[in-house]
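# A closer look at the structure
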There are 2 protein chains.
Amino acid sequence: MVASEFVSELRNRYGIEFHDLSILDEAFTHSSYVNEHQELGLKDNERLEFLGDAVLELTVSDYLYRQYPDLPEGKLTRMRAAIVQTRSFSAFSKEAHFDQYIRLGKGEENAGARMRKTLLEDLFEAFNGALYLDQGRQAVIDFAAQVIFPKIAAGQFDANMDHKTALQEFLQKDGEVKIEYHLLSESGPAHDRRFQVDVSAEDRVLGSGYGKNKKAAEQAAASDALEKLQGKL
Amino acid sequence: MVASEFVSELRNRYGIEFHDLSILDEAFTHSSYVNEHQELGLKDNERLEFLGDAVLELTVSDYLYRQYPDLPEGKLTRMRAAIVQTRSFSAFSKEAHFDQYIRLGKGEENAGARMRKTLLEDLFEAFNGALYLDQGRQAVIDFAAQVIFPKIAAGQFDANMDHKTALQEFLQKDGEVKIEYHLLSESGPAHDRRFQVDVSAEDRVLGSGYGKNKKAAEQAAASDALEKLQGKL
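Going along each chain's sequence as written, the residues are numbered from 1 onward. Chain letters start at A and ligand numbers start at 1, both assigned in the order the entries are written. Whole-chain, interface and lining totals are the exception, using all residues; otherwise, since this is a predicted model, local features are given only for residues with pLDDT of at least 70 and side-chain atom pairs are given and counted only at 80 or more. Values reported for side chains reflect all heavy atoms of the structure, with hydrogen atoms and water molecules removed beforehand.

## Section: the UniProt feature "binding site: Mg(2+)" (unreviewed entry) in chain A
All names here are of chain A. UniProt positions are given in the numbering used here, feature names are shortened, and annotations may be inferred rather than shown by experiment. Summarizing the sequence annotation, UniProt attributes the feature "binding site: Mg(2+)" (unreviewed entry) to Glu49, Asp122 and Glu125 in the numbering used throughout. Separation in sequence by 77 residues is not matched in space for these annotated residues, since their most distant C-alpha atoms are only 5.8 Å apart. If you trace the backbone, glutamate 49 turns up in helix 4 (residues 46–67). A contact between two residues is defined here by any heavy atoms of the two lying within 4.5 Å. Glutamate 49 has contacts with Asp122, Glu125 and Ala126, leaving out every residue within four places of it along the chain. Residue position: aspartate 122 is located in helix 8 (residues 117–135). The helix and strand labels rest on DSSP assignments: H or I over at least four residues marks a helix, E over at least two residues marks a strand, and numbering proceeds from the N terminus.

Laid out in structure tokens, this is it:
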């Protein structure tokens, strides 16, 4: 059973009160716990994660669509990808203290699973899946309005995001990739220099960009590469 | 403007009547048409496609979650992927005659874009995005209940699906890949033979499986490979 202090925290901090606590329990039950306690016949949180993933995808998409009426589809997609990803969801999970309440098997606990980002991401999705089942989609929107939307509005994921980091995460989702930036040219008078940089991974040039300094040109190159890579998906 | 016979067809065939026809127009306006008629200041359907994609993902996920209470997450995910994909969405688009009503630029028209599967997939998403904005999520569920759910219920995407085809589509989404099945062993008495097959792509073994005949073993191997490949995503 989910700890009563967590139930209180959800109520006091987010105004959330589950009608059916067993579904909240399910969201906070990792498969490793189920396996180690087969006599209890518990359900793990994976089906809720499946559902929550889709609920969050729509919640974020709908918000972005309405909030940014002039952004073209490519930018909306890029922004959504920056939000709906392991790094963000695991951070939201920790912020909401979900990591403190997940039930883990001893083996996974000892292996440090409680801090594993993918586990925390799955947990965030499972919680939202449970919230959706228990109270409908508006409850998920209300929760996102507290945990996700303010960060979007504050620009944490917008066009000012770190394109180099985004490119790195995009390329390295299947393993380590060496990314290199090369200065191609430097031109213009001293007070108005113009740098051109390209970015490559595994010796393949992925994009290029200009900027008033090397850093800005690198960001532009990374953004160009992302645009091209994501256009191909 | 969307043709009046299409407006009638939507009403008569699916019981759908848009409050705001301009959003239906937008869903049926391809970027190539916007580009060739810049004086009209039209919007293309790409932002609606962004939104519709997420609406459909949740619509299908929610249906699968409730309809198959005993399916584990891995199978739900695999089924969702079999439904939410170009081949299926483009077929739904044609079934609803959407291909007849999209406004295309002349260049794209001549290039055969009206029959292009990715265009028809985008169009299906854009239509559902428009429907969601115009009438809310229940309208999309009602439409899916006519166009998508009966096919799921009829088993078109379920565990009896063709794993070999699914594996081929999965592997070839980025280009041609040579897939090979090898018989590894054949054992047991004549009335109870047991075949073992593995499947490889580009000389890498991806999975293996058993069956009472070669065909069944190949299907099992393809299913095993898909399971492993998708676990890595």
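## Notes on the interface of chain A and chain B
Each partner contributes to the interface: chain A provides 28 residues, whereas chain B provides 28 residues. When two parts are brought into contact, each loses some accessible area as probed by a 1.4 Å sphere; the total of that loss over both is the buried area. In this assembly, chain A packs against chain B so that about 2500 Å² is buried in total across both faces, 60% of it on carbon and sulfur atoms. Taken as a group, Arg47, Phe50 and Tyr65 of chain A account for 36% of the area that chain A buries against chain B, more than any other trio of residues on that side. Each reported salt bridge corresponds to a side-chain nitrogen of Lys or Arg within 4 Å of a carboxyl oxygen of Asp or Glu. Between chain A and chain B we count 2 salt bridges in total. For the salt bridge of arginine 80 of chain A with aspartate 53 of chain B, the shortest nitrogen-to-oxygen distance reads 3.1 Å. For this analysis, a polar contact is any N or O atom pair within 3.5 Å, provided that within protein one partner can donate a hydrogen and the other can accept it, and provided that sequence-adjacent residues contribute only side-chain to side-chain pairs. The interface formed by chain A and chain B holds 14 residue pairs in polar contact (both at pLDDT 80 or more) in total. Put simply, the parts of the chain that give the side of chain A that touches chain B at least two residues each are helix 4, helix 5 (73–83) and helix 8 of chain A. Top element by residues in the side of chain A that touches chain B is helix 4 of chain A. It accounts for 15 residues. Its residues assigned to classes, the side of chain A that touches chain B shows 15 nonpolar, 2 polar and 11 charged. Classification convention: Asp, Glu, Lys, Arg as charged; Ala, Val, Leu, Ile, Met, Phe, Trp, Tyr, Cys, Pro as nonpolar; all other residues, Gly among them, as polar.

## Details of the relation of the copies chain A and chain B
The two copies are related by a screw operation: chain A maps onto chain B through 179 degrees of rotation and 0.0 Å of translation along the axis, at an RMSD of 0.3 Å. What we have between these two chains is a two-fold relation. Mapped onto chain B, 100% of the interface residues of chain A again fall at the interface, so both copies present the same surface. Copies overlap after least-squares fitting; the atoms used are the C-alpha atoms of residues with pLDDT of at least 70 in both.

## Here's the deal with the packing of helix 4 of chain A against helix 9 (residues 137–147) of chain A
Residue and element names in this part refer to chain A. Between N-to-C directions, angles span 0 to 180 degrees; the directions come from axes that are lines fitted to C-alpha atoms, helices contributing only their stretch in contact. Close contact between helix 4 and helix 9 brings their axes to 10 Å; oriented N to C, the two are set at 60 degrees. Pair helix 4 / helix 9 crosses with right-handed handedness. Facing helix 4, whose interface residues are Val55, Leu56, Leu58, Thr59 and Asp62, helix 9 presents Arg137, Val140, Ile141 and Ala144. For the contact of helix 4 with helix 9, a count of residues per class yields 6 nonpolar, 1 polar and 2 charged. A clockwise turn of the near helix away from the far one marks a right-handed crossing, whereas an anticlockwise turn of less than a right angle marks a left-handed crossing.

## Observations concerning the sheet that holds strand 3 (residues 204–211) of chain B
Residues and elements named next belong to chain B. Reading across from one edge, 1-2-3 is the order of the 3 strands in this open sheet, with antiparallel pairing throughout. Two strands close off the open sheet at either side, each with one partner strand: strand 1 (179–187) and strand 3. Going from strand to strand, the sheet's axes swing by 20 degrees on average, the running direction of each strand aside. For two strands to be treated as a pair, DSSP must find no fewer than two bridges joining them. Where strand 2 (residues 194–201) and strand 3 come together, 7 bridges link them in antiparallel fashion. Its bridge partner lying in strand 3, valine 199 is registered against glycine 207. Those strands touched by helix 11 (residues 163–171) are strand 1, strand 2 and strand 3, and its axis lies near 145 degrees from that of strand 1.

## Overview of the packing of aromatic side chains
Residue and element names in this part refer to chain A. Any Phe, Tyr or Trp ring, taking Trp's six-membered ring, that has another such ring centre within 6.5 Å forms a pair; planes under 30 degrees apart are called stacked, those over 60 apart edge-to-face, and the others tilted. Per the stated rule, a full pass over the model turns up 32 aromatic pairs over all chains. An angle of 80 degrees between the planes, with centres 5.1 Å apart, marks the rings of tyrosine 14 and phenylalanine 143 as edge-to-face. Here tyrosine 14 is found in helix 1 (residues 4–14), whereas its partner phenylalanine 143 is found in helix 9, with 129 residues between them in sequence. Members of the aromatic cluster, each reached through a chain of ring pairs, are Phe6, Tyr14, Phe18, Phe28, Phe89, Phe92, Phe98, Tyr101, Phe124, Phe127 and Phe143.

## Focus on the UniProt feature "domain: RNase III" (unreviewed entry) in chain A
Using the residue numbers shown here, the UniProt feature "domain: RNase III" (unreviewed entry) corresponds to residues 7–136 of chain A. In residues 7–136 of chain A, helix accounts for 68% and strand for 0%; the two terminal C-alpha atoms are 19 Å from one another.

## As for the pattern of salt bridges
Residue and element names in this part refer to chain B. Counted by the stated rule, this structure contains 22 salt bridges over all chains. The closest approach of N and O atoms between lysine 151 and glutamate 95, which form a salt bridge, is 2.8 Å. Note that lysine 151 is positioned in helix 10 (residues 149–153) and glutamate 95 in helix 6 (residues 86–95), a separation of 56 residues in sequence. We call a residue buried when its accessible area falls under 20% of the maximum for its residue type, exposed when it is over 50%, and partly exposed in between, using a 1.4 Å probe and counting protein chains only. Judged by relative accessible area, which is 30%, glutamate 95 ranks as partly exposed.

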